[in-house]
Amino acid sequence: MKERRIVSKFVPLQKKTTNLSMKSIPKQFIICSASMTAALCVLLLMFPGADFFRQLFEYLLAGAVSLWVYRRFCPSNAGGLCALGVIWFLMAGYNVLNVWYYTTHAGADAYSPVLIMDAALAWSQLTSLAAGVPSPVSANQQGYGTMLYYLSLGRVAGVDVYMAGSMLATLLSIIFTAITASRIATPEGKSPAVTATTAIILLGSIGLYLTTGCILVKDAFLCLASSVLMYVFCCVKRPWVIFAVAVAVIIPASVIRHWFGAFVAVLAVIGMFRVPVRKVVSLAAVVVVAVGIQFYMLHIEVAPRLLHVDETADTFSIYEKDDFRAEVYQSAMGDYENLPVLHKVLRLPVSMAIQFLSPLPWGFTRHIGFGLSYFHNHFSIPWYCVLCLVLYFMFFCIPKNPVEVTKSLVMGGVALSVTAYVSGGSVSRYVLPWLPFLIPAAASVIVTVAWRRLSFRWFSAVYALLICAALIVVYLTLQPYYARGCVSF
């Protein structure tokens, strides 16, 4: 009887930690998934943009792959499943709306969508390669379209196919961030699954990060690349695995965005702090490779040239004039691109403030031209809340947490600062690849129950007042432009 009691206690634990079959998935999640799939089918019928069954298969496949990776590699619970399911449904729904907007609404089809700016550049490069004609896109902007060309095996698939790929990349980046957070930010006595769920909710609540997986831009794949690098630098101990995975990530990411290698080199140097010698050697090799790739990319890059589009063309528009917005920015920052280095450094706090505050929590139609999902970008309050958690961790929690969480935060902070210095904070989506590095610190504040401290209440109150004051200043600054008819800020 004693032996039977021991077995009966051991088997449930084994099932709970290793059973990944459908039986271990909560019945409530299966019912919710079926309901969301039915709602997605209705949405596809209401907003037809591409083949119904192809779109449904693409979005279900993205969800199934994400679910498998989450259940297989990440500590999971019912809360994490529900959070991931909601994120999947939002992204799938936004993709349906955007595909309809690019095709049926614009009088086009899935193989000749109406796109603007970066998405149009990628599509132009893709179709030029497939047709075997010279590309009109400048060399430093050809990478993403070239990658899509090879991923689709030299053919032009429907725009919905590539957007489903962006959706999958964003979902996987959220899961990899959750895996890393569960391994480095879980305090003793707490469940890693709770930390992973917290990370999924925090990163998935950031509107700009979520909608990146719903349009045809390179940032979704860069977010996946950075989340994988964060996992490798913070969690992996085998030197050869670190080097192999890092190189496999750096090469395609540098093709997509040419300066990615320089950032990876800096992150790898930070990762050398307080690690074994073998890992230092591996990270040093990563630095050498990243710097070499960066110099090669600088060698082949040419000065960008404008793509002149015939006024009668109806398939895409490359640049969108926005004189009001540029005027506002230049009135505050001056001619930033041509400023001396010291002046850019002195303006860095302002650049970071612009970078963190945008997209502003109003003007929900501001970027509709990129896709209908872009109204979601302006739900910025969750992003401000995540930043509050990160700043509180930085000022109050570093000594009490594992060094890997601090290193992840330093990596993200340095990358964000350099991005703000280079761009002047003018393009908020440039910081998206570095947001996963901040999530373990934010999740740590929640899972360690630090948010119950009196210091956190005071800090969050002061932070909220500062954010409100900053937004009021921005609104008053933009008020003259509202009077001139520029109501879409």
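Right above here is the structure, for reference.
Attention here is on the structure that accompanies the text. Computed from a predicted model, the values in this text were never measured in an experiment.

Parameters and conventions
Residues numbered from 1 in each chain as written. Predicted model: local features only at pLDDT ≥ 70, side-chain atom pairs only at ≥ 80, totals over all residues. Heavy atoms only, no water. Axes fitted to C-alpha atoms, helices over the stretch in contact; angles between N-to-C directions. Helix = DSSP H or I, 4+ residues; strand = E, 2+ residues; numbered from the N terminus. Parallel < 35°, antiparallel > 145°, perpendicular 65-115°, else oblique. Left-handed = near helix turned anticlockwise from the far one by under 90°. Contact = heavy atoms within 4.5 Å. Nonpolar A, V, L, I, M, F, W, Y, C, P; charged D, E, K, R; others polar. Salt bridge = Lys/Arg side-chain N within 4 Å of Asp/Glu carboxyl O. Buried < 20%, exposed > 50% of the residue type's maximum accessible area, 1.4 Å probe, protein only. Expected span 1.5 Å × (residues − 1).

1. Comments concerning the packing of helix α4 (residues 78-102) against helix α8 (residues 192-204)
Then, in step 1: One way to put it is that α4 packs onto α8 with a least axis distance of 9 Å and a crossing angle of 20°. By the angle between their directions, the pair α4 and α8 is classed as roughly parallel. Handedness of the crossing formed by α4 with α8: left-handed. In contact with Gly 79, Gly 80, Ala 83, Leu 84 and Ile 87 of α4, α8 contributes Thr 197, Ile 200, Ile 201 and Gly 204.
Then, in step 2: Considered class by class, the residues forming the contact of α4 with α8 number five nonpolar, four polar and no charged.

2. Topic: the environment of Leu 81
Then, in step 1: Note that Leu 81 resides in helix α4.
Then, in step 2: Separated by 55 residues in the primary sequence, Leu 81 and Pro 26 place their C-alpha atoms 8.8 Å from one another.
Then, in step 3: Excluding residues that lie within four positions of it along the chain, Leu 81 makes contacts with Ile 25, Pro 26, Phe 29, Leu 67, Tyr 70 and Arg 71.

3. Quick word on the pattern of salt bridges
Then, in step 1: Overall, the coordinates contain six salt bridges when judged by the stated rule.
Then, in step 2: Of the charged contacts, one joins Asp 118 and Arg 429 as a salt bridge, the two residues approaching to 2.2 Å between their closest N and O atoms. With a gap of 311 residues between them, Asp 118 in helix α5 (residues 117-131) and Arg 429 in the loop between α18 (403-423) and α19 (439-447) connect regions that are remote in the sequence.
Then, in step 3: Look at Arg 429 and you get buried, because its relative accessible area is 16%.
Then, in step 4: A salt bridge links Asp 219 to Arg 257; the nearest nitrogen and oxygen atoms lie 3.1 Å apart. Placement of the pair is Asp 219 in helix α10 (residues 219-235) and Arg 257 in the loop between α11 (239-256) and α12 (260-271), with a sequence separation of 38 residues.
Then, in step 5: One connected set of salt bridges, linked through shared partners, spans Asp 118, Asp 219, Arg 257 and Arg 429.

4. Details of the packing of α10 against α18
Then, in step 1: Axis separation between α10 and α18 bottoms out at 10 Å; the angle between their running directions is 140°. The two elements α10 and α18 cross, and the hand of that crossing is right-handed. Along its contact with α10, which presents Met 230, Phe 233 and Cys 234, the element α18 presents Glu 404, Ser 408 and Met 411.

5. Let's talk about α18
Then, in step 1: With 21 residues, α18 extends 30 Å from end C-alpha to end C-alpha; this agrees with the ideal 30 Å at 1.5 Å per step.
Then, in step 2: Looking one or two places after α18, you find Gly 424, whose phi comes out positive at around 70°.

6. Section: the environment of Val 247
Then, in step 1: Residue position: Val 247 is located in helix α11.
Then, in step 2: Take Val 247: its relative accessible area is 16%, and that puts it in the buried class.
Then, in step 3: Between the C-alpha atom of Val 247 and that of Val 289, which follows or precedes it by 42 residues, the distance is 7.3 Å.

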